[in-house]
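Structure at a glance
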Amino acid sequence: GADRRCITWTSAPLDAPTEIIGHPEVRLRIRPGGSDPTWFVYLEAVDPRGRVAMLTEGLLRAIHRAPRGFEVTYRRADASPIRPGELVDVTIRMLPTAVLLPAGSAIRLALAGADADTFGQPADPANADVTLEYGPDDPATLTLPIRVR
């Protein structure tokens, strides 16, 4: 039910059993509605009956984003202010996971601008607004550390 409040992408069913072992990572181009957004991503498995199970998650407060190829430091001196409507490239590394998905399962990525159940509502509702920009020249990518069995 929570996915109804998220932007989601769901893969085709897997042809073979697939292991995901490690840190999944997503790269997106986002145009934030507010000046201090936090983005939440959830990696999920969808079984052939449509049941969804969360595999792992990640989050990134926009001021802590790092230029491509650099690591996030979370130091105050490295914080990068953001302007509402500014197009920003973000990389969100998720917590590590180790799971074997059977053939026929699909992989889903869900993106949200808030997680009220865990973190409460954002002080400024505009910070929960998420606009994505992607296409052939600027793809959104999900990198999975996988092994096909």
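Structure's up top.
A short tour of the structure in this document, coming up. Every value quoted in this text rests on a predicted model; they were computed, and no experiment measured them. (Residues numbered from 1 in each chain as written. Predicted model: local features only at pLDDT ≥ 70, side-chain atom pairs only at ≥ 80, totals over all residues. Heavy atoms only, no water.)

What about the sheet that holds strand S11 (residues 146-148)?
- Across the sheet, which stays open at both edges, the 3 strands sit in the order S7-S2-S11 with antiparallel pairing between neighbours. One side of each edge strand has no neighbouring strand; the edge strands of this open sheet are strand S7 (97-101) and S11. The average undirected angle you get between the axes of adjacent strands in this sheet is 15 degrees.
- Relative to S7, strand S2 (residues 18-22) runs antiparallel, the two sharing 5 bridges. Following the sheet pairing, Gly22 is matched in S7 by Thr97. (Pairing = 2+ DSSP bridges. Helix = DSSP H or I, 4+ residues; strand = E, 2+ residues; numbered from the N terminus. Axes fitted to C-alpha atoms, helices over the stretch in contact; angles between N-to-C directions.)

Here we look at the side chain of Arg65
- In this fold, Arg65 is placed in the loop between strand S5 (52-61) and strand S6 (88-93).
- You can call Arg65 buried: its relative accessible area is 13%.
- Polar side-chain contacts of Arg65 include one of 2.9 Å to the backbone oxygen of Ala62.
- Side-chain polar atoms of Arg65 contact the backbone oxygen of Ser80, separated by 2.8 Å.
- Other than its neighbours up to four places away in sequence, Arg65 contacts Leu60, Ser80, Pro81, Ile82, Glu86, Val88, Asp89 and Val90. (Buried < 20%, exposed > 50% of the residue type's maximum accessible area, 1.4 Å probe, protein only. Polar contact = N/O pair within 3.5 Å; in protein donor to acceptor, adjacent residues only side chain to side chain. Contact = heavy atoms within 4.5 Å.)

Some thoughts on the pattern of salt bridges
- Applying the stated criterion to the full structure yields 8 salt bridges.
- Taking the shortest distance from any N to any O, the salt bridge between Glu19 and Arg147 comes out at 2.7 Å. Residue Glu19 is located in strand S2, and its partner Arg147 is located in strand S11; the two are separated by 128 residues in the primary sequence.
- The class for Arg147 is partly exposed, based on a relative accessible area of 47%.
- Of the charged contacts, one joins Glu86 and Arg65 as a salt bridge, the two residues approaching to 3.9 Å between their closest N and O atoms. Separated by 21 residues along the polypeptide, Glu86 in the loop between S5 and S6 and Arg65 in the loop between S5 and S6 bring together distant segments of the chain. Here the two residues Glu86 and Arg65 agree in accessibility, since each one is buried. (Salt bridge = Lys/Arg side-chain N within 4 Å of Asp/Glu carboxyl O.)

Regarding the pairing of strand S4 (residues 38-46)
- Among the 9 residues of S4, 9 are classified as buried, and the element is accordingly described as predominantly covered.
- Residues Thr38, Phe40, Tyr42, Glu44 and Val46 point to one face of S4 and Trp39, Val41, Leu43 and Ala45 to the other, with burial holding for every one of them.
- Bridge count between S4 and S5: 9 bridges; the pairing is antiparallel. Counterpart to Tyr42 in the pairing with S5 is Glu57.
- Linkage of S4 to S5, two consecutive antiparallel strands, is achieved through a turn of 5 residues, within which Gly50 is found at a positive phi near 95 degrees.
- Sheet topology places S4 next to strand S8 (residues 106-112); 7 bridges connect them, and they run antiparallel. Opposite Phe40, over in S8, you have Ala112 as the bridge partner.

Looking at the packing of aromatic side chains
- Applying the stated criterion to the full structure yields 1 aromatic pair.
- Ring geometry for Trp9 and Tyr134: centres 6.3 Å apart, planes at 70 degrees, overall edge-to-face. Taken together, the residues Trp9 in strand S1 (residues 7-10) and Tyr134 in the loop between strand S9 (130-132) and strand S10 (141-143) connect sequence positions 125 residues apart. (Phe/Tyr/Trp six-rings, centres within 6.5 Å; stacked < 30°, edge-to-face > 60°.)

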